[in-house]
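Results of the structural survey
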Amino acid sequence: KADLSINGVRYSLKETNGSPPAIVNHTPRTGFETACNHAGVSIKKLDEIVSKYWKLRQGGIIKEDTKMSDPNCPFKPHKEYLKPIIEYFLFTGTGRGTSNFPADKVLEINYKSLPTKMRIFEKDDYFDEVWDKLQLSIRSKGMPPNYPKCKNADSISKWTNVAEGKHKGSLHIRVN
């Protein structure tokens, strides 16, 4: 999770002048089970949110990518619930488990405008800074190649639907 360390402080880098920085890269439900366990929250509420996402998406109310700025975004009403999960991915670990190099802070950087376009965020501040800028989607990228015959198919299937001819069940979260 930490990309660099300066004077013993470990930073997660978020570049602002390229593609929108990812917080969670295409992770199926099993990775979120790991994150929820480490964050100390139940995944059941996230299952309900993802179920609502699929109903809204299949009903044409939202698109594959849904932004927190959209009043129909099913994730929007659940800020306090999602906070420890997103902070886990930001600072502590991935869907595979905790990192050997957890981050202490976020360093937001615009390489084209150095040295003036750099901001440092404490753990307690970054989530609130980006909440309204988050964009979430459920895609096929990150799905096990042998799904639905994979080891964790029972878990993965809880979030997976077929769209555009592909199994889509990996949640992706980025800052837009």
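Residues numbered from 1 in each chain as written. Predicted model: local features only at pLDDT ≥ 70, side-chain atom pairs only at ≥ 80, totals over all residues. Heavy atoms only, no water.

Regarding the pairing of strand E7 (residues 105-109)
To be explicit about the condition: Accessible area is worked out with a 1.4 Å probe on protein chains only. A residue is then buried under 20% of its type maximum, exposed over 50%, and partly exposed in between. Only DSSP runs of H or I reaching four residues or more are called helices, and only runs of E reaching two or more are called strands; each is numbered from the N terminus. Pairing between strands requires that DSSP locate at least two bridges from one strand to the other.
For E7, a buried count of four out of five residues is recorded, marking the element as mostly surrounded by other parts of the structure. When strand E2 (residues 9-15) meets E7, the two strands line up parallel, connected through five bridges. Looking at E7, one finds that Glu-15 is bridged to Ile-109.

As for the nonpolar core
The condition is simple: Joining through side-chain atoms within 4.5 Å is the link that ties buried Ala, Val, Leu, Ile, Met, Phe, Trp, Tyr and Cys residues into a set, and such a set is a nonpolar core.
The biggest cluster of nonpolar side chains holds 39 residues, and the ones touching the most others in it are Ile-23, Phe-32, Leu-46, Phe-75 and Leu-134. Taken together, the elements giving at least two residues each to this core come down to strand E3 (22-27), helix H1 (29-39), helix H2 (44-58), helix H3 (79-92), helix H4 (123-130), strand E9 (134-139) and strand E12 (170-175). Listed in part, the five residues of the second largest apolar core include Met-143, Tyr-147, Cys-150 and Ala-153.

Some thoughts on a nonpolar patch on the surface
The condition is simple: Residues with no salt bridge and a relative accessible area higher than 30% make up the patches, which join like charges within 9 Å and nonpolar side chains (Val, Leu, Ile, Met, Phe, Trp, Tyr) within 5 Å. The protein chains shown are the only cover counted for residues, whose accessible areas, like all others here, come from Shrake-Rupley with a 1.4 Å probe. Here, a salt bridge means any side-chain nitrogen of Lys or Arg that lies within 4 Å of a carboxyl oxygen of Asp or Glu.
Judged by side-chain polarity, Tyr-111, Leu-114 and Met-118 come together as a nonpolar surface patch covering roughly 280 Å² of accessible area. Secondary-structure assignment places Met-118 in strand E8 (residues 118-122).

Quick notes on the packing of aromatic side chains
Stated formally: Two rings from Phe, Tyr or Trp (for Trp, the six-membered ring) form a pair when their centres sit within 6.5 Å of each other. Planes less than 30 degrees apart are called stacked, planes more than 60 degrees apart edge-to-face, and all others tilted.
Under the criterion given, the structure shown has seven aromatic pairs. An angle of 85 degrees between the planes, with centres 5.6 Å apart, marks the rings of Tyr-53 and Trp-54 as edge-to-face. With 5.4 Å between their ring centres and 45 degrees between their planes, Phe-127 and Trp-131 make a pair best called tilted. Linked through ring pairs, Phe-32, Tyr-88, Phe-89 and Trp-159 together constitute an aromatic cluster.

With respect to the sheet that holds E12
Put simply, the test is: As a rule, the C-alpha atoms of each element are fitted with a line to give its axis, helices using only the stretch in contact, and angles between N-to-C directions run from 0 to 180 degrees. Should any heavy atoms of two residues lie within 4.5 Å, those residues are considered in contact.
In space, the four strands of this open sheet follow the order E3-E12-E9-E4, with antiparallel pairing throughout. With one partner strand each, in any of the chains shown, E3 and strand E4 (65-67) form the two edges of the open sheet. Neighbour-to-neighbour, the strand axes of this sheet turn through a mean angle of 20 degrees, independent of strand direction. Across six bridges, the pairing between E9 and E12 is antiparallel. Opposite Leu-134, over in E12, you have Val-175 as the bridge partner. Contacts from H1 reach E3 and E12, with the element oriented near 130 degrees to E3. Set on the sheet, H2 makes contact with E4 and E9; between it and E9 the angle comes to about 80 degrees.

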